[in-house]
2 protein chains.
Amino acid sequence: MRDIHQIVPVSLGDRSYDIHIGPGLLAKSGELVADVLPPGARAAVVTDENVARYHLDSVLASMEAFGIGATVVRVPAGEPSKCYPTLQDVVERILDARLERGDAVIALGGGVIGDLAGFAAAIARRGMRFVQMPTSLLAQVDSSVGGKTGINSPHGKNLVGAFYQPQLVLADTDALDTLPDREFRAGYAEVVKYGLIDRPDFFAWLERQWPAIRAGGPERINAIAESCRAKSAVVARDERETGDRALLNLGHTFGHALEAAAKFDPEIIVHGEGVAIGMVMAHEFSARMNLASPDDAKRVAAHLETAGLPTNLNGLKAVAGNADRMLDFIAQDKKVTRGALNFILTRGIGQAFVARDVPASEVHAYLAGAIGE
Amino acid sequence: MRDIHQIVPVSLGDRSYDIHIGPGLLAKSGELVADVLPPGARAAVVTDENVARYHLDSVLASMEAFGIGATVVRVPAGEPSKCYPTLQDVVERILDARLERGDAVIALGGGVIGDLAGFAAAIARRGMRFVQMPTSLLAQVDSSVGGKTGINSPHGKNLVGAFYQPQLVLADTDALDTLPDREFRAGYAEVVKYGLIDRPDFFAWLERQWPAIRAGGPERINAIAESCRAKSAVVARDERETGDRALLNLGHTFGHALEAAAKFDPEIIVHGEGVAIGMVMAHEFSARMNLASPDDAKRVAAHLETAGLPTNLNGLKAVAGNADRMLDFIAQDKKVTRGALNFILTRGIGQAFVARDVPASEVHAYLAGAIGE
Ligand SMILES: NC(=O)c1ccc[n+]([C@@H]2O[C@H](COP(=O)([O-])OP(=O)(O)OC[C@H]3O[C@@H](n4cnc5c(N)ncnc54)[C@H](O)[C@@H]3O)[C@@H](O)[C@H]2O)c1
Ligand SMILES: NC(=O)c1ccc[n+]([C@@H]2O[C@H](COP(=O)([O-])OP(=O)(O)OC[C@H]3O[C@@H](n4cnc5c(N)ncnc54)[C@H](O)[C@@H]3O)[C@@H](O)[C@H]2O)c1
Ligand SMILES: [Zn+2]
Ligand SMILES: [Zn+2]
């Protein structure tokens with residue numbers, strides 16, 4: 001029952017690439033990376049200290065075994081590294097190492113490292129080769145797939161960046177064993193999201209398999225691979241986010257508003273937790289609009305709760321404040337196009353859709369009830 | 001004999017666009033820009049003080065007449081603006097103005113503004129619409145065509161950037177009347193370059209028409225349009241500079257080495273002057289290698305001299321130093337791939353080609369002679 005390693009192709013014409021998902025991939029990364037680089041190519045491995053502690057040595061050893069000379073670029077762990085000065089620092093260190101266009105930038109870490117290193121790869125020498133080695137569950141199922149890279153601006157998250165596809169993604173499912181438990185659960189919210197968007201059978205499978213996924217083994221690999229298939233299908237239809245890709249924001253409108261209300265303080269709420277609550281709210285709001293059954297919202301909440309995720313505003317009421325305040329955060333959100341309130345709503349589990357011109361008054365009334373004003 | 005305005009299409013699949021070349025285009029820019037933007041779109045006009053003084057008002061008036069609300073982003077004139085802090089400033093000012101992806105960044109200025117604003121357009125919100133309004137001859141015939149954008153790094157010029165195509169280019173040939181004479185002549189070196197690469201008839205036409213081109217009128221429009229056709233043909237064959245596009249570097253290896261030797265001080269030498277000298281040297285070196293006739297080098301030098309451009313190292317010997325020093329600058333140049341010396345050489349006027357593995361010893365011997373060691 002080895003090699004249970006799966007390959008998910010991402011079809012984007014001449015920017016197509018494969019996502020490999022399986023155990024032990026970091027230890028064999030040199031061979032897989034060598035396959036997508038020209039002979040003699042070198043690499044810069046961008047990583048943070050948490051990930052470096054557990055996983056850098058095995059990557060470097062494998063690169064060396066396959067003749068890929070590597071320079072390590074370390075940045076501090078955490079969201080603040082997605083900023084202009086750190087971006088500049090990463091780019092300059094890539095240039096210091098005299099890497100050329102045919103050489104690779106490798107992102108070894110979570111979504112922060114992937115977004116930052118991917119953006120550096122996009123702009124250093126106007127575009128170098130790029131390999132993602134996502135080590136958080138969120139990065140494996142979401143941020144490493146689809147080519148969005150970038151940093152934050154004082155004006156908001158992810159407002160500066162590029163669409164830049166990697167040549168290869170290696171999702172080592174064993175690497176998740178060193179991930180803090182809370183991060184694992186937060187990443188799992190995005191896995192559930194794919195079921196809720198358009199894969200009701202996947203959601204039902206997740207309801208049964210959560211314990212096995214948490215434990216590791218073939219179910220984990222399968223859950224990640226199915227998530228990558230789901231995301232890459234959406235991305236292939238809409239690489240630059242002009243339409244369908246918006247579905248991936250299910251749960252994110254309410255979730256982002258909560259994160260913003262908490263000033264993005266991870267002590268209070270992390271992204272996946274916001275998404276978990278936001279998905280339940282999207283189902284509840286859809287029920288209120290007579291689009292879906294209230295039972296669906298309950299079923300979603302029950303599963304997320306089993307996975308150890310928050311599913312309502314209990315404990316966050318002080319953070320949320322009141323409906324006015326939450327609506328302000330929603331309106332500031334980048335998904336607002338020319339004043340119209342766009343939401344991802346649903347007709348039931350696996351039946352999400354993009355709703356345009358949702359009346360702000362309905363959202364307000366729903367929020368007031370949820371906060372318990 | 002109005003409308004002598006020409007349109008050169010650039011064919012790059014779904015990234016295709018038109019270059020308009022003619023008199024008075026800035027004054028009608030609002031109408032042409034409105035055509036490539038969604039209804040209700042707004043714009044940020046990025047410009048420098050020299051260009052703003054003469055041309056900003058007519059652009060703003062025309063934008064207003066066509067309902068395009070515009071924010072002005074001014075940066076200091078000159079090469080130092082192609083840097084990280086100014087890039088960040090331009091991006092943040094675009095975000096301050098709450099511009100969205102469907103809104104436009106407009107570069108109104110020379111190559112510095114085009115490269116900087118184009119890069120900002122590429123990365124603000126992961127890519128906004130982009131319009132080039134080149135106002136220097138160099139920008140009209142070279143930098144605004146082909147989608148290269150970027151800034152300089154402490155490691156070298158143009159090392160950070162993106163390939164990002166505009167939706168529209170408006171080259172107002174009257175705008176060149178306010179350009180300093182030295183800048184006009186320097187830009188003209190790039191016009192001559194297209195003749196020397198693969199358009200011998202164009203070179204012969206330039207030899208006859210230089211006075212008319214300098215004066216303005218239909219010959220100027222024609223010279224610019226033919227240059228845009230030449231560059232866009234190369235770009236269409238090789239958008240991301242992996243092969244043929246290298247031909248555009250004719251004269252640039254020696255030219256860049258001279259610019260670098262002068263520490264990029266425009267008091268000593270500007271880019272187009274380096275290119276002029278470099279093109280003569282490329283022809284002389286090709287003659288020395290028995291590839292071309294020495295008469296071609298003389299003919300090239302004679303025409304560039306007529307256009308008021310420098311054609312040899314007289315007056316620059318102290319700057320150049322000696323052959324060793326010049327070779328060092330050449331080796332540091334970004335066109336060096338894995339240690340091999342690539343040069344653009346020629347078999348005669350209009351017959352340039354990419355030569356790989358040119359012996360450094362030959363280059364050294366030629367340089368020693370040219371410097372007169
Ligand atoms: N590009 C996209 O499409 C996209 C999509 C979703 C999210 N994102 C971005 O992703 C980021 C969040 O990603 P994240 O949750 O992975 O954050 P992260 O990169 O900060 O990782 C979370 C924490 O886990 C640590 N870590 C990661 N892997 C580990 C491992 N195997 N062992 C031990 N510790 C490990 C990290 O050091 C960090 O402290 C955000 O910046 C978000 O904007 C991007
Ligand atoms: N992207 C490309 O493919 C490409 C190609 C070649 C050069 N470049 C870049 O272009 C830059 C050089 O361009 P440039 O020579 O236009 O430099 P520039 O933008 O600095 O313009 C030269 C000077 O002329 C002034 N000016 C411009 N238009 C004017 C007008 N109509 N009236 C009065 N003054 C005017 C400017 O303010 C500046 O002082 C360099 O940074 C170079 O790297 C880029
Ligand atoms: Zn998310
Ligand atoms: Zn040039």
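The model shown is predicted, which means the values in this text are computed figures rather than measured ones.

What counts as what
- Residues numbered from 1 in each chain as written.
- Chains lettered and ligands numbered in written order.
- Predicted model: local features only at pLDDT ≥ 70, side-chain atom pairs only at ≥ 80, totals over all residues.
- Heavy atoms only, no water.
- 1 Å grid on protein atoms, 1.4 Å probe; cavity = no way out; pocket = protein on both sides within 12 Å on 5 of 7 lines; lining within 4 Å.
- Points joined across faces, edges and corners; volume = space filled by probe spheres on them.
- Helix = DSSP H or I, 4+ residues; strand = E, 2+ residues; numbered from the N terminus.
- Nonpolar A, V, L, I, M, F, W, Y, C, P; charged D, E, K, R; others polar.
- Near = heavy atom within 4 Å.
- Polar contact = N/O pair within 3.5 Å; in protein donor to acceptor, adjacent residues only side chain to side chain.
- Areas by Shrake-Rupley, 256 points an atom, 1.4 Å probe, with all protein chains shown as cover.
- Buried < 20%, exposed > 50% of the residue type's maximum accessible area, 1.4 Å probe, protein only.
- Donors = N, O, S within 2.8 Å, 3.2 Å for Na, K, Ca; no water.
- Salt bridge = Lys/Arg side-chain N within 4 Å of Asp/Glu carboxyl O.
- pLDDT = per-residue confidence, 0-100.
- UniProt positions renumbered as here; feature names shortened; annotations may be inferred.
- Contact = heavy atoms within 4.5 Å.
- Buried area = accessible area lost by both parts, 1.4 Å probe.
- Axes fitted to C-alpha atoms, helices over the stretch in contact; angles between N-to-C directions.
- Parallel < 35°, antiparallel > 145°, perpendicular 65-115°, else oblique.
- Arc of directions from axis to C-beta.
- Left-handed = near helix turned anticlockwise from the far one by under 90°.

A. Fine view of the layout of surface pockets. All names here are of chain B. In this structure, the second largest pocket occupies an estimated 170 Å³ of space. The wall of the second largest pocket is formed by 13 residues, among which Val280, Glu284, Thr311, Asn312 and Leu313 lie closest to the centre. Secondary-structure elements contributing two or more residues to the lining of the second largest pocket are helix H10 (271-288), helix H11 (294-306) and helix H14 (360-371). In terms of residue class, the lining of the second largest pocket is built from seven nonpolar, three polar and three charged.

B. View of the site of ligand 1. Residue and element names in this part refer to chain A. Neighbouring residues of ligand 1: 26 residues in total, closest Glu79, Gly111, Thr135, Ser136 and Thr178. Within the contact set of ligand 1, an oxygen atom lies 3.3 Å away from a side-chain nitrogen or oxygen of asparagine 158. Protein coverage of the free-state accessible area of ligand 1, which is 860 Å², stands at 88%. Breaking the shell around ligand 1 down by element, the ones donating at least two residues are helix H2 (49-65), helix H4 (111-123), helix H5 (137-143) and strand E8 (156-163). For the shell around ligand 1, the leading source of residues is H2, giving four residues. Each residue belonging to the shell around ligand 1 can be placed in one class, and the counts come to eight nonpolar, nine polar and nine charged.

C. The site of ligand 2, seen in detail. All names here are of chain B. Within the structure, ligand 2 sits among 26 residues, and Glu79, Gly111, Thr135, Ser136 and Thr178 are positioned closest to it. In the model, a nitrogen atom of ligand 2 is placed 2.7 Å from a nitrogen or oxygen of the threonine 135 side chain. In the complex, 88% of the free accessible area of ligand 2, which totals 860 Å², lies under the protein chains. For the shell around ligand 2, the elements supplying multiple residues, two or more each, are helix H2 (49-65), helix H4 (111-123), helix H5 (137-143) and strand E8 (156-163). With four residues, the single largest contributor to the shell around ligand 2 is H2. Looking at the shell around ligand 2 residue by residue, the classes come out as eight nonpolar, nine polar and nine charged.

D. Main features of unusual backbone geometry. Residue and element names in this part refer to chain A. Its identity is not glycine, yet asparagine 158 carries a phi of approximately 60 degrees, on the positive side. The residue asparagine 158 is located in strand E8 in this model. Residue asparagine 158 is classed as buried on the basis of its relative accessible area, which comes to 16%. At phenylalanine 264, a residue that is not glycine, the phi angle is positive and equals roughly 55 degrees. Its place among the elements puts phenylalanine 264 in the loop between helix H9 (252-261) and helix H10 (271-288).

E. Geometry of the coordination of the zinc ion (ligand 3). Residue and element names in this part refer to chain A. Around the zinc ion (ligand 3), the protein contributes the donor atoms Glu190 (OE), His252 (NE2) and His271 (NE2), which lie 2.0 to 2.1 Å from the metal centre. Read N to C, the donor residues that coordinate the zinc ion (ligand 3) are spaced as E-x61-H-x18-H. Taken together, the residues span a long stretch of sequence, with glutamate 190 in helix H6 (residues 181-198) and histidine 271 in helix H10 at a distance of 81 residues.

F. Quick peek at the coordination of the zinc ion (ligand 4). Residues and elements named next belong to chain B. Protein-derived ligands of the zinc ion (ligand 4) are Glu190 (OE), His252 (NE2) and His271 (NE2), with the metal-ligand distances lying across 2.0 to 2.1 Å. Read N to C, the donor residues that coordinate the zinc ion (ligand 4) are spaced as E-x61-H-x18-H. Its relative accessible area of 23% is what places histidine 271 among the partly exposed residues.

G. The arrangement of empty space enclosed by the protein in detail. Residue and element names in this part refer to chain B. Using the criterion set out here, one finds five cavities of 30 Å³ or more in the structure. Taken as a whole, the largest cavity spans an internal volume of roughly 50 Å³. Asn249, Leu250, Gly251, His252, Thr253, Phe254, Gly278, Ala282, Phe343 and Ile344 together form the lining of the largest cavity. Top element by residues in the lining of the largest cavity is helix H9 (residues 252-261). It accounts for three residues.

H. Here's a closer look at the pattern of salt bridges. Residues and elements named next belong to chain A. What the rule picks out here adds up to 33 salt bridges over all chains. Measuring nitrogen to oxygen at the nearest pair gives 2.9 Å for the salt bridge that ties arginine 199 to glutamate 226. Of this pair, arginine 199 sits in the loop between H6 and helix H7 (200-215) while glutamate 226 sits in helix H8 (residues 218-237), and the two are 27 residues apart along the sequence. One connected set of salt bridges, linked through shared partners, spans Glu79, Lys82, Asp115 and Lys157.

I. Layout of the confidence of the model for chain A. In this model, chain A carries an average pLDDT of 94, and 97% of its residues clear a pLDDT of 70 or more. At the level of chain-chain contacts, confidence expressed as ipTM amounts to 0.93, with global pTM at 0.95.

J. Expanded view of the UniProt feature "binding site: Zn(2+)" (unreviewed entry) in chain A. Residues and elements named next belong to chain A. Here, UniProt's "binding site: Zn(2+)" (unreviewed entry) annotation points to Glu190, His252 and His271. A maximum C-alpha distance of 10.2 Å is found for the annotated residues, which run over 82 residues; spatially they form one tight group. For glutamate 190, a relative accessible area of 0% translates into the label buried. The residues touching histidine 271, leaving out its near neighbours within four places in the chain, are Leu138, Glu190, His252, His256 and Glu259. Within the structure, histidine 271 has its side chain in polar contact with the side chain of histidine 252 (distance 3.3 Å).

K. Spotlight on the interface of chain A and chain B. Taken together, the contact pairs 34 residues of chain A with 34 residues of chain B. Interface area, chain A with chain B, both sides summed: about 3,000 Å², of which 44% is carbon and sulfur. For the pair chain A and chain B, the interface holds zero salt bridges. The interface formed by chain A and chain B holds 14 residue pairs in polar contact (both at pLDDT 80 or more) in total. For the side of chain A that touches chain B, the class distribution of residues is 14 nonpolar, eight polar and twelve charged.

L. The arrangement of the packing of H9(A) against helix H13 (residues 323-332) of chain A in detail. Residue and element names in this part refer to chain A. Contact geometry for H9 and H13: axes closest at 9 Å, N-to-C directions at 110 degrees. Comparing their axes, H13 and H9 come out roughly perpendicular. Residues Thr253, Phe254, Ala257, Leu258, Ala260 and Ala261 of H9 form the contact with H13, whose own contacting residues are Arg325, Met326, Phe329 and Ile330. Within the contact of H9 with H13, the residues separate by chemical class into eight nonpolar, one polar and one charged.

M. Representation of helix H1 (residues 29-36) of chain A in the model. Those residues of H1(A) that fall on the buried side of the exposure criterion are A:Ser29, A:Gly30, A:Leu32 and A:Val33. The arc that holds the buried residues of H1(A), viewed along the axis, is 165 degrees, so those residues lie on one side.

N. Inspection of the packing of helix H6 (residues 181-198) of chain B against helix H8 (residues 218-237) of chain B at higher detail. Residues and elements named next belong to chain B. In contact at an axis separation of 9 Å, H6 and H8 are set at 55 degrees when each is read in the N-to-C sense. Of the possible angle classes, the one that applies to H6 and H8 is oblique. Once H6 is placed against H8, the crossing between them reads as left-handed. Packed against H6, whose contacting residues are Phe184, Val191 and Tyr194, the element H8 presents Arg220, Ala223, Ser227, Ala230 and Lys231 at the interface. The class makeup of the residues in the contact of H6 with H8 is five nonpolar, one polar and two charged.

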